[in-house]
Amino acid sequence: MSAFRSPFMKEFAARGHLHQCTAEAELDALMAKERIAGYIGFDCTAPSLHIGNLTQIMRLRVLQRAGHKPIVVVGGGTTKVGDPSGKDETRQLLNDAAIEANKERHKEIYRRFLKFGDGPTDAIMVDNAEWLDTLQYIPFLRDVGRHFTINRMITMDSVKLRLDREQPLTFLEFNYMIMQSYDFVELYRRYGCRLQMGGSDQWGNIVSGIDLARRTDSAELFGLTSPLITTSSGAKMGKTAAGAVWLSADMLSPYDYWQYWRNVEDADVGRFLRVFTDLPLDEIARLEALKGADVNEAKKVLANEATALCHGRAAADQAAETSRKTFEGDGMSSNLPTIEVPQAEFAAGISVLAAFTRAGLTSSNGDARRQIAGGGLRINDEAVSDEKLTLGQTQLHDGVIKLSLGKKKHVLLKPV
RNA sequence: GGGGGAGUGUCCCGAGUGGCAAAGGGGGCGGACUGUAAAUCCGCUGGCUUGCGCCUUCGCAGGUUCGAGUCCUGCCUCCCCCA
């Protein structure tokens, strides 16, 4: 296992990214000898990417750091088909305009994590719509479709899952595997790309592409999958009360992003440091060895580093400072998430119920009432006991009112 | 084409066969305990008002009934068996 020669494979494995690999020894030898291009595909199903996608991006970072060339494939074409892998039912299809809009937002995110350009190890970004959109049905079936047998396809996990569960799998989705296989071949032809990486649920699709390339181009391509990252309590990671942990600041503030990492379970710190930061492995080993309350130090490092990668060092420092003041200090930080209320409306008086709901801390007035009954709401750090309370001038401190749900969620209400 | 079964609180699973805002889990949120952790214990988990009030929910649309998730009819979707 540890006998890898190439810097890439060594680090990839050491950081816990390695799950399955085709022709492991050959790939290792190839990467030790020469620079190769490797890709990961991302579909454009959401307006932002989340930390599940980030695990993949971090793998491309490892690739780039080891002196190879990362290719980000944005799935402008494949998103129109919809990947059935790992999903037990059909996803809602997006229209072209939504896909296009998502794609543009994603591009901005990739640029934060990878260095793009024309240099030998600079990353490049390509859209598979470039070749998929213009495919001709009959020629494609004859050139590519002939290499796929139904017998084989229905044994693939992504297909079998649906069939076993007796859930419908449309012909459209059934074709996703073929699209992705074709992508790999096309990338090999265009960029000499030899490696495809992906999550463990992509194994079947990746292997299909390798087979296709061998048949059509007599090319030897390689595949590498990574384990699905879960929290130690078994949950798919990246879900919070508010939804996914997004990488776009307009969908999840840098402060909340920082807080997500700060609050991971003890058992996850080491693993997450290896995957989501670039810290040297011996430094991570030191942090991972911390016991008891000292683990909090490791969590802060994780939060700082992960946030700096995503939102920049300045934003990370500010989030850390805001957190310090909020949780460890006495003063109130003005950098907490803030909602603004028109002065006139504020002057007329806002009920506690409305204020918390407006701030997004509670989902309805009824919810706010229940939280008050349970002692969960605080204004300027004092528990709310009266649900009829009206907020006004008297609660203002430095021009804001601090609303809190539980110990961790704080929002400032600011009249403007 | 024929026969049988299923669709429940828009997070999920899942009881329910005329009185239900609807059992029970899981998840989530809050409280206690802690270290902004885990485990444990407690509370909450349709909306609007909280005065015992009103409204909206059990695939869709009608019907029977004082009253239906629960009965009847039609439709949609899925599954199984037969052809």
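The rules behind these values
Residues numbered from 1 in each chain as written. Chains lettered and ligands numbered in written order. Predicted model: local features only at pLDDT ≥ 70, side-chain atom pairs only at ≥ 80, totals over all residues. Heavy atoms only, no water. Helix = DSSP H or I, 4+ residues; strand = E, 2+ residues; numbered from the N terminus. Buried < 20%, exposed > 50% of the residue type's maximum accessible area, 1.4 Å probe, protein only. Contact = heavy atoms within 4.5 Å. Areas by Shrake-Rupley, 256 points an atom, 1.4 Å probe, with all protein chains shown as cover. Lys, Arg positive; Asp, Glu negative; His and termini not counted. Charge placed at Lys NZ, Arg CZ, Asp CG, Glu CD. Core = buried A, V, L, I, M, F, W, Y, C linked by side-chain atoms within 4.5 Å. Near = heavy atom within 4 Å. Polar contact = N/O pair within 3.5 Å; in protein donor to acceptor, adjacent residues only side chain to side chain. Nonpolar A, V, L, I, M, F, W, Y, C, P; charged D, E, K, R; others polar. Phe/Tyr/Trp six-rings, centres within 6.5 Å; stacked < 30°, edge-to-face > 60°. Expected span 1.5 Å × (residues − 1). Disulfide = S-S within 2.5 Å. Pairing = 2+ DSSP bridges. Axes fitted to C-alpha atoms, helices over the stretch in contact; angles between N-to-C directions.

Undergrad: Please clarify how the overall build of chain A should be interpreted in this entry.
TA: From N to C terminus, chain A includes 19 helices and 15 strands. Looking at the 416 residues of chain A, the share that counts as buried comes to 48%. Considering only residue pairs separated by 6 or more positions, chain A has 73% of its internal contacts joining residues 24 or more positions apart. Counting every atom, chain A has about 19,600 Å² of accessible surface; 50% of that belongs to carbon and sulfur. Of the charged side chains in chain A, 51 are positive and 53 negative; the average position of the first set lies 1 Å away from that of the second.

Undergrad: Quick question: what am I supposed to make of the nonpolar core here?
TA: Counting residues in each nonpolar core, the largest one holds 59 residues, and the members touching the most others are Leu 224 and Trp 261. Of all hydrophobic cores here, the second largest spans 31 residues; its members include Val 81, Cys 193, Ile 210 and Leu 212.

Undergrad: Hey, could you run me through the protein's contact with RNA strand B in this one?
TA: As a structural note, the neighbourhood of RNA strand B is formed by 31 residues, with Asn 263, Asp 266, Lys 407, Lys 408 and Lys 409 the closest of them. In the interface set of RNA strand B, defined as its atoms within 4 Å of the protein, sugar plus phosphate atoms amount to 68%. In the environment of RNA strand B, a base nitrogen lies 3.4 Å from a nitrogen or oxygen atom belonging to the side chain of Asn 296. Here a phosphate oxygen of RNA strand B and a backbone polar atom of Gly 366 are 3.1 Å apart. For the surface near RNA strand B, the element with the highest residue contribution is helix α19 (residues 365–373), accounting for five residues. Partitioned by chemical class, the residues of the surface near RNA strand B number seven nonpolar, 13 polar and 11 charged.

Undergrad: It is not clear to me how unusual backbone geometry should be interpreted in this structure. Could you clarify?
TA: Residues other than glycine predominantly adopt negative phi, and peptide bonds predominantly adopt the trans conformation. At Ala 23, a residue that is not glycine, the phi angle is positive and equals roughly 40°. With respect to the helices, strands and loops of the structure, Ala 23 is situated in the loop between β1 (20–21) and α2 (24–33). Here Ala 23 falls in the partly exposed class, since its relative accessible area comes to 32%.

Undergrad: Looking at this model, I keep getting lost on the packing of aromatic side chains. Mind explaining?
TA: A complete count under the given rule lists nine aromatic pairs for this structure. Here the aromatic rings of Phe 8 and Phe 12 are separated by 5.0 Å at their centres, their planes lie at 35°, and the arrangement is tilted. One end of the pair is Phe 8 and the other is Phe 12, both in helix α1 (residues 7–14) and four residues apart, which spans about a single turn. Each member of the pair, Phe 8 as well as Phe 12, is classed as buried. On the numbers, 5.1 Å between centres and 80° between planes, the contact of Tyr 260 with Trp 261 is edge-to-face. In this structure Trp 261 comes out as buried when scored by relative accessible area, which is 0%. The rings of Tyr 257, Tyr 260, Trp 261, Phe 272 and Phe 276 are connected pair by pair, giving a single aromatic cluster.

Undergrad: Help me understand the side chain of Gln 202 in this model?
TA: Looking at the element boundaries, Gln 202 is found in the loop between β5 (195–199) and α11 (203–217). A polar side-chain atom of Gln 202 sits 3.0 Å from a polar atom in the side chain of Gln 180.

Undergrad: Which parts of the structure should I look at to understand helix α4 (residues 96–113)?
TA: Note on helix geometry: an α-helix contains 3.6 residues per turn, so any two residues three or four positions apart are oriented the same way. Spanning 18 residues, α4 covers 26 Å between terminal C-alpha atoms, matching the ideal 26 Å at 1.5 Å per step. Among the structural elements, β2 (37–43), α3 (51–65), β3 (69–75), β4 (124–127) and α15 (295–311) are those in contact with the buried residues of α4.

Undergrad: What am I meant to see in α3 here?
TA: For α3, which comprises 15 residues, the first-to-last C-alpha distance of 20 Å matches the rise-based estimate of 21 Å (1.5 Å per residue) to within 8%. Positive phi appears at Gly 67, one or two residues downstream of α3, with a value of about 90°.

Undergrad: How should the state of the cysteines be read in this particular structure?
TA: Covalently bonding the sulfur atom of one cysteine to the sulfur atom of another cysteine gives a disulfide. Summed over all chains, the structure comprises zero disulfides. With no disulfide of its own, Cys 44 lies 18 Å from the sulfur of Cys 310, the closest cysteine sulfur. For the unlinked cysteine Cys 193, the closest cysteine sulfur is that of Cys 21, found at 14 Å.

Undergrad: Is there a simple way to think about the environment of Ile 124 in this case?
TA: Checked against the element boundaries, Ile 124 lands in strand β4. With 54 residues separating them along the chain, Ile 124 and Pro 70 place their C-alpha atoms 6.6 Å apart.

Undergrad: What is the right way to look at the sheet that holds β3 in this model?
TA: What links the strands of a sheet is backbone hydrogen bonding, and the strands pair in either a parallel or an antiparallel sense. The sheet built from six strands is open, its strands ordered β1-β6-β5-β2-β3-β4 with mixed pairing. Looking at strand neighbours, the two that pair on one side only are β1 and β4, the edges of this open sheet. Bridging between β2 and β3 involves seven bridges; their strand directions are parallel. Looking at the pairing, Ile 40 lines up with Val 72 of β3. The sheet strands contacting α2 are β1, β5 and β6 (222–226), and the helix crosses β6 at an angle near 105°. Helix-sheet contacts for helix α10 (residues 176–191) involve β2, β3, β4, β5 and β6, and the interaxial angle to β2 is about 145°.

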